[in-house]
Amino acid sequence: MNGWVIEALECTVNCTTSGVGLVVFGLSTGSFLVACMCVREHRVSGVGVSGTVRFEKGTVTGVLLGGGNRGWRCVGEVSSMAALIEVPARKAA
């Protein structure tokens, strides 16, 4: 179990890279910097015809939806981030 399992909710999370491909920069040290854009889609909905989703007051999602303690049938969030990852140079054999 990942700690996200709540029987009253249905949740999906999807992370993908966006853009044409990975951008790679070679460094003088033999390392590489790899840049990419990641998109995260998160959808949560209540189970059954009357199930709802509630967010705690003060959470980012709760604030964006007008404050906490409101019920929603389904909520979808999309966020993106740029990632820059250093890949170390290969060690000599």
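Residues numbered from 1 in each chain as written. Predicted model: local features only at pLDDT ≥ 70, side-chain atom pairs only at ≥ 80, totals over all residues. Heavy atoms only, no water.

(A) Region of interest: the overall build of the protein chain. For the protein chain, the helix and strand inventory stands at one helix and three strands. Ordered by position from the N terminus, the helices and strands of the protein chain form the series β-β-α-β. Against the globule reference of 12 Å for 93 residues, the protein chain gives a C-alpha radius of gyration of 20 Å, more extended than a compact globule. Per-residue burial for the protein chain yields a buried fraction of 15% across its 93 residues. (Helix = DSSP H or I, 4+ residues; strand = E, 2+ residues; numbered from the N terminus. Rg over C-alpha atoms; globule rule 2.2 N^0.38 Å. Buried < 20%, exposed > 50% of the residue type's maximum accessible area, 1.4 Å probe, protein only.)

(B) Molecular detail of the side chain of Ser 31. Here Ser 31 lies in the loop between strand E1 (9-26) and strand E2 (32-46). A distance of 3.5 Å separates polar atoms of two side chains, one belonging to Ser 31 and the other to Glu 86. From its side chain, Ser 31 meets the backbone nitrogen of Ala 89 in a polar contact 3.3 Å long. Aside from chain neighbours lying at most four places away, what touches Ser 31 is Phe 25, Gly 26, Glu 86, Val 87, Pro 88 and Ala 89. (Polar contact = N/O pair within 3.5 Å; in protein donor to acceptor, adjacent residues only side chain to side chain. Contact = heavy atoms within 4.5 Å.)

So far we have only geometry, and geometry alone does not tell us how the molecule works.
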